[in-house]
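Notes for the structure review
Below, each chain spelled out in residue letters.
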Amino acid sequence: STVGKKVLEKAKPKLELKENNVVDNQNIKREKLIIYLLINYPSESYNRLKECISIEDMKDEKNKAILKRLYEEFEKGNSNINGVLDTLTNEDEINHITRIMADDYNIQDIEKAIIDLISVYEKEKIINKRNSILSNLDNTNLSEEERASLEKELSNIIIKLAKFK
């Protein structure tokens with residue numbers, strides 16, 4: 001349909017030339033903020049962040065390893081953050097956490113910081129889903145039924161994305 005084509009054209013992501021292996025500063029800063037919140041405000045942040053942000057969402061390997069450890073310890077019911085930090089033995093990770101804790105995140109409102117983080121990750125996941133659907137729609141072997149289903153899903157995703165703006 002022409003409406004479907006217009007939707008697809010608008011939804012096509014702009015091509016961005018980025019090195020895949022270089023993690024941008026925005027991502028790193030967000031990942032550090034997640035760790036900072038988990039260490040400083042575990043009771044406020046753990047359950048909510050874990051629900052939306054997985055270990056696989058981390059782009060930086062050190063942040064990924066630290067988040068994995070924090071999630072594992074909280075999962076075991078170890079909410080004493082000093083006890084959790086004592087389980088870290090890797091010198092690199094300890095130094096990395098020390099640097100994270102020394103940074104100023106300029107957080108005025110913990111609740112808002114958590115909500116904003118979750119929102120960014122949810123939006124990113126929706127964008128990734130959109131891009132995946134767009135690349136599936138490029139497949140010429142799709143049946144009309146499959147194409148219609150993907151276009152409907154794409155429509156729903158575009159509506160969800162509009163709510164983030």
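The notes below deal with the structure included here. Here, residues in each chain are numbered from 1, in the same order as that chain's written sequence. Side-chain atom pairs in this predicted model are given and counted only at pLDDT of 80 or more, local residue features only at pLDDT of at least 70, and totals for whole chains, interfaces and linings cover all residues. The side-chain numbers reported here are obtained from all heavy atoms of the structure, hydrogens and water having been left aside.

1. Considerations on the packing of helix α3 (residues 42-52) against helix α4 (residues 61-75)
In a pair of packed helices, the angle between the axes and the distance between the axes together describe the arrangement. Going by this rule: To obtain an axis, a line is fitted to C-alpha atoms, over the contacting stretch when the element is a helix, and the angle between two such axes runs from 0 to 180 degrees between their N-to-C directions. Strands here are runs of E lasting at least two residues and helices are runs of H or I lasting at least four, both read from the DSSP assignment and numbered beginning at the N terminus. Every angle not falling under 35 degrees, over 145, or within 65 to 115 is termed oblique; those three ranges are roughly parallel, roughly antiparallel and roughly perpendicular. In what follows, residue pairs with any heavy atoms lying within 4.5 Å of each other are defined as contacts. Ten residue types, Ala, Val, Leu, Ile, Met, Phe, Trp, Tyr, Cys and Pro, are classed as nonpolar, four, Asp, Glu, Lys and Arg, as charged, and the remainder, Gly among them, as polar.
Running from amino to carboxyl end, α3 crosses α4 at an angle of 105 degrees, the nearest separation of the two axes being 11 Å. One element, α3, and the other, α4, form an angle in the roughly perpendicular class. Contacts between α3 and α4 involve Pro 42, Tyr 46, Leu 49 and Lys 50 from the former and Tyr 71, Phe 74 and Glu 75 from the latter. Per-class residue counts for the contact of α3 with α4 are five nonpolar, no polar and two charged.

2. A short note on the environment of Ile 126
Mapped onto the fold, Ile 126 is located in helix α7 (residues 110-137). Note: C-alpha distance between Ile 126 and Ile 158 (32 residues apart in sequence) is 8.8 Å. Every residue in contact with Ile 126, bar those within four places of it in the chain, is listed here: Ile 157, Lys 160, Leu 161 and Phe 164.

3. Focus on the side chain of Glu 31
Test applied: Burial here depends on accessible area, computed with a 1.4 Å probe over protein chains only, as a share of the maximum for the residue type. Under 20% is buried, over 50% is exposed, and the range in between is partly exposed. The convention is simple: Lys and Arg are positive, Asp and Glu are negative, and His and the chain ends are not counted. Here a salt bridge means any side-chain nitrogen of Lys or Arg lying within 4 Å of a carboxyl oxygen belonging to Asp or Glu. Pairing of N or O atoms within 3.5 Å defines a polar contact, subject to two protein rules: one partner must be a possible hydrogen donor and the other a possible acceptor, and residues neighboring in sequence count only if both atoms are side-chain atoms.
Inspection of the secondary structure puts Glu 31 in helix α2 (residues 25-40). It turns out Glu 31 is buried and unbridged, and the closest side chain with the opposite charge, Lys 59, is 6.0 Å from it. Among the polar contacts listed, one links the side chain of Glu 31 to the side chain of Asn 63, at a separation of 2.9 Å. Setting aside residues up to four positions removed in sequence, Glu 31 forms contacts with Asp 57, Met 58, Lys 59, Asp 60, Asn 63 and Tyr 121.

4. Describing the nonpolar core
A general feature of soluble globular proteins is that nonpolar side chains tend to end up buried together. Our working rule: For the purposes of this section, nonpolar cores are sets of buried Ala, Val, Leu, Ile, Met, Phe, Trp, Tyr and Cys residues that join through side-chain atoms within 4.5 Å.
Counting 29 residues, the largest nonpolar core has Ile 34, Leu 38, Leu 49, Ile 53, Leu 70 and Tyr 71 as its most contacted members. Taken together, the elements giving at least two residues each to this core come down to α2, α3, α4, α5 (81-86), α6 (91-102) and α7. Considering every element that reaches this core, the biggest residue donor is α2, with seven residues. Excluding residues within four positions of it along the chain, Ile 53 makes contact with Ile 34, Met 58, Tyr 71, Tyr 121 and Lys 125. Counting nine residues, the second-largest nonpolar core is a separate cluster that includes Ile 133, Leu 137, Leu 142 and Leu 161.

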